[in-house]
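Summary of the model geometry
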Protein chains: 2
Amino acid sequence: MQILSERRLDGDLLERSLLVGDVPGILWMPPLDPSGSAPLILLGHPGGLDAQHPRLIARARRSAQDGFASAALELPGSGSRPRLSALEEARAELRTALGAREPVADATVDRLVLPLVDAAVPECRAALDALSALPGLGGPVGYSGGIISLGVRLALADPRIAAAVLFAGSWIPRVILEEARAMRIPIHMLLQWDDVDNPRQAALDLFDAFGSPEKSLAANLGGHTGVPAYAGDEAARFLARHLGVASSRAA
Amino acid sequence: MQILSERRLDGDLLERSLLVGDVPGILWMPPLDPSGSAPLILLGHPGGLDAQHPRLIARARRSAQDGFASAALELPGSGSRPRLSALEEARAELRTALGAREPVADATVDRLVLPLVDAAVPECRAALDALSALPGLGGPVGYSGGIISLGVRLALADPRIAAAVLFAGSWIPRVILEEARAMRIPIHMLLQWDDVDNPRQAALDLFDAFGSPEKSLAANLGGHTGVPAYAGDEAARFLARHLGVASSRAA
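As annotated in an unreviewed UniProt entry, chain A is Alpha/beta hydrolase from Cnuibacter physcomitrellae.

**Here's the deal with the overall build of chain A**
A count of helical and extended segments in chain A gives seven helices and nine strands. A globule of 251 residues ought to have a C-alpha radius of gyration of about 18 Å, and chain A, at 17 Å, matches this closely. Overall, the C-alpha framework of chain A stretches about 55 × 40 × 30 Å when taken along its three principal axes. Look at the contacts in chain A between residues 6 or more apart in sequence, and 66% of them connect residues 24 or more apart. Accessible surface for chain A amounts to roughly 10600 Å². Of this, 54% is attributable to carbon and sulfur atoms.

**Focus on the packing of aromatic side chains**
Taken as a whole and judged by the stated rule, the model has two aromatic pairs over all chains. Their ring planes at 85 degrees and their centres at 4.9 Å tell us that Trp193 of chain A and Phe207 of chain B sit as a pair that is edge-to-face. In this pair, Trp193 of chain A is assigned in the loop between β8 (187–192) and α6 (200–209) and Phe207 of chain B in helix α6 (residues 200–209), connecting two distinct chains. The burial state of Trp193 of chain A is the same as that of Phe207 of chain B; both residues are buried. Taking NZ or CZ as reference, Lys215 of chain A lies 5.2 Å from the ring centre of Phe207 of chain A, over its face.

**Digging into the relation of the copies chain A and chain B**
Note on the copies: chain A fits chain B at an RMSD of 0.0 Å, the axial shift is 0.0 Å, and the rotation between them is 180 degrees. Here the two chains are linked by the operation of a two-fold rotation axis. Considering only C-alpha atoms, the residue of chain A closest to the rotation axis is Ala218 of chain A, which sits at 2.4 Å. Of the residues that chain A buries at the interface, 100% are likewise interface residues in chain B, meaning the two copies contact each other through the same surface.

**Observations regarding the interface of chain A and chain B**
With 20 residues of chain A at the interface, the matching set in chain B holds 20 residues. Regarding the contact of chain A and chain B, the summed buried area is about 1700 Å², with carbon and sulfur atoms giving 54% of it. Looking at the side of chain A facing chain B, the largest losses of area belong to Trp193, Leu221 and Tyr230 of chain A, adding up to 31% of the total buried there. In this structure, the salt-bridge partner of Asp208 of chain A is Arg200 of chain B, at a minimum N-O distance of 3.2 Å. Linking chain A to chain B there are eight residue pairs in polar contact (both at pLDDT 80 or more). Of all elements in the fold, only α6, β9 (215–220) and α7 (229–243) of chain A reach the threshold of two or more residues within the side of chain A that touches chain B. Ranked by residue count, the leading element in the side of chain A that touches chain B is β9 of chain A, at six residues. Taken together, the residues of the side of chain A that touches chain B break down into 10 nonpolar, three polar and seven charged. The sheet contact formed by β9 of chain A and strand β9 (residues 215–220) of chain B spans five bridges and is antiparallel.

**Structural notes on the pattern of salt bridges**
Pairing between side chains becomes possible if they bear opposite charge and their charged atoms approach one another. Residues and elements named next belong to chain A. Inspection of the entire model under this criterion finds 34 salt bridges over all chains. A salt bridge links Arg241 to Glu214, with the nearest nitrogen and oxygen atoms 3.4 Å apart. One end of the pair, Arg241, is in helix α7; the other, Glu214, is in the loop between α6 and β9, with 27 residues separating them in the sequence. Connected through shared salt-bridge partners, Arg125, Asp129, Asp158 and Arg160 make up one network.

**Considering the pairing of strand β5 (residues 69–73) of chain A**
Residue and element names in this part refer to chain A. Taking burial as the measure, the five residues of β5 include five buried ones, the bulk of the element. Both faces of β5 are covered, namely the face carrying Ala69, Ala71 and Leu73 and the face carrying Ser70 and Ala72. Where strand β3 (residues 23–29) and β5 come together, four bridges link them in antiparallel fashion. Its bridge partner being in β5, Gly25 is matched across the sheet by Leu73.

**So, unusual backbone geometry**
All names here are of chain A. A positive phi angle, close to 55 degrees, is found at Arg101, a residue other than glycine. With respect to the element layout, Arg101 can be found in the loop between α2 (85–99) and α3 (106–132). By relative accessible area, which is 79% here, Arg101 ends up exposed.

**Focus on the pairing of strand β6 (residues 137–145) of chain B**
Residue and element names in this part refer to chain B. Where strand β4 (residues 38–44) meets β6, six bridges bridge the pair, whose relative direction is parallel. The residue of β6 that forms the bridge with Leu40 is Val141. As defined by bridge partners, β6 adjoins strand β7 (residues 161–167) across five bridges and the pair is classed as parallel. Within β7, the residue paired with Ser144 across the bridge is Val165. You can see the chain leave β6, run along helix α4 (residues 148–157) and come back into β7, and the turn it takes is right-handed.

**Side note on helix α1 (residues 49–65) of chain A**
Residues and elements named next belong to chain A. At Arg55, α1 shows its strongest bend, of approximately 40 degrees. On its buried side, α1 packs onto β1 (2–9), β2 (13–20), β3, β4 (38–44), β5 and α7. Downstream of α1 by one or two residues, Gly67 has phi in the positive range, about 90 degrees.

Rules of the game
Residues numbered from 1 in each chain as written. Chains lettered and ligands numbered in written order. Predicted model: local features only at pLDDT ≥ 70, side-chain atom pairs only at ≥ 80, totals over all residues. Heavy atoms only, no water. Helix = DSSP H or I, 4+ residues; strand = E, 2+ residues; numbered from the N terminus. Rg over C-alpha atoms; globule rule 2.2 N^0.38 Å. Contact = heavy atoms within 4.5 Å. Areas by Shrake-Rupley, 256 points an atom, 1.4 Å probe, with all protein chains shown as cover. Phe/Tyr/Trp six-rings, centres within 6.5 Å; stacked < 30°, edge-to-face > 60°. Buried < 20%, exposed > 50% of the residue type's maximum accessible area, 1.4 Å probe, protein only. Lys NZ or Arg CZ within 6 Å of the ring centre and 35° of its normal. Least-squares fit on C-alpha atoms with pLDDT ≥ 70 in both. Buried area = accessible area lost by both parts, 1.4 Å probe. Salt bridge = Lys/Arg side-chain N within 4 Å of Asp/Glu carboxyl O. Polar contact = N/O pair within 3.5 Å; in protein donor to acceptor, adjacent residues only side chain to side chain. Nonpolar A, V, L, I, M, F, W, Y, C, P; charged D, E, K, R; others polar. Pairing = 2+ DSSP bridges. Right-handed = clockwise from strand over helix to strand, strands pointing away. Bend = angle between axes of the 7 residues up to and from the residue.

Right under this line is the structure:
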């Protein structure tokens, strides 16, 4: 892993641009005591680190309030990474189906999500290997955000993922519904009830499928990008509760 | 309204036994400054004040932490009140259908819920009239708890109800789904995902129907009576946010 640059943001957050193999990433570190260490939250996002940067900083800042470090990796086929032609084709099919108000074929959903997740899971795991060797990072890891199928498969593949906030704002292949039954970590699912381009029933089915002894579903209004601040705070409390960080904000 | 007795509980909560007309009730008041006043939360419950007393005290205590007074009224046909034969018949039909794993008829659900709600709404309103005249009670009123159809109809009937935590643990007549579209107050719905005796889909349909610009659904595991503590805290924060009580616990 290379650290390409670093800068200090308002609120004393240290932002580092990374390269893990050929995957760009960003790490945000909260202020720490010299001997301190912060659990890491891996931020799920739709891809395009540059475009997502302001939103990711806001999420990293919220996590830092609870003592967490945050990291985001560029997704395969997004941002500065080479496009994946199969993924682009599946996206075009999805747009066509949605534009025509036709049902989206299961095969389209599979090709939209599964190759992306297959490529991203080992990249996330390699990043966790590299990041966990950095001073100041330690303890369990949380997953928080979108590309819900990546959150599920990464949590099933990597025992370091101890809790997950899963944002139900992406298409969900049927095979992920089956695999979700094997989940055992605590899950907090955020569902935007009126997210018109993402099927609500699939999210409810996925929540139902999770085998985790503790799972909570928080549904709110506000559209795909309109998660209310109180719902973000609640998700932060969930992570603080399960990743063992004491915080006044997490009370 | 008669105040039949009063006693001070641990945590300095003042508990008063009431009679509003011929309806027994209990009022819990938090400690107040001499000139202070507390907004009131009307606690929904399944009926039987004596049997519910320990659980109601715990809920009143939680609300008092945020500066709220709480009140509970005996439901028509429950506790020390005369039984309602039509209601008892509907309950027997429900038990028979559930025991035989047969679908519960809409007509049974209607007779189980609607006469109860029709009788309870004016009783609740009369109690709000009487309680709001007491020193130390003032401001908007919240509804919090079960008998979700009562919460809906009371909120639609009485403009003092400014926010509602609705516990989806009771049968929901179809007419309530229609009426719910007229709701405009902020709603936080608690759904126990694996509450086997109450239909989950009806609760999701009701949540979908609410016309309120702010509504949130919190689904958790734990069975009908197993609402996790964190979900109770979240519901308390919702009420504190909307009923305008400043509280460190509500941050």
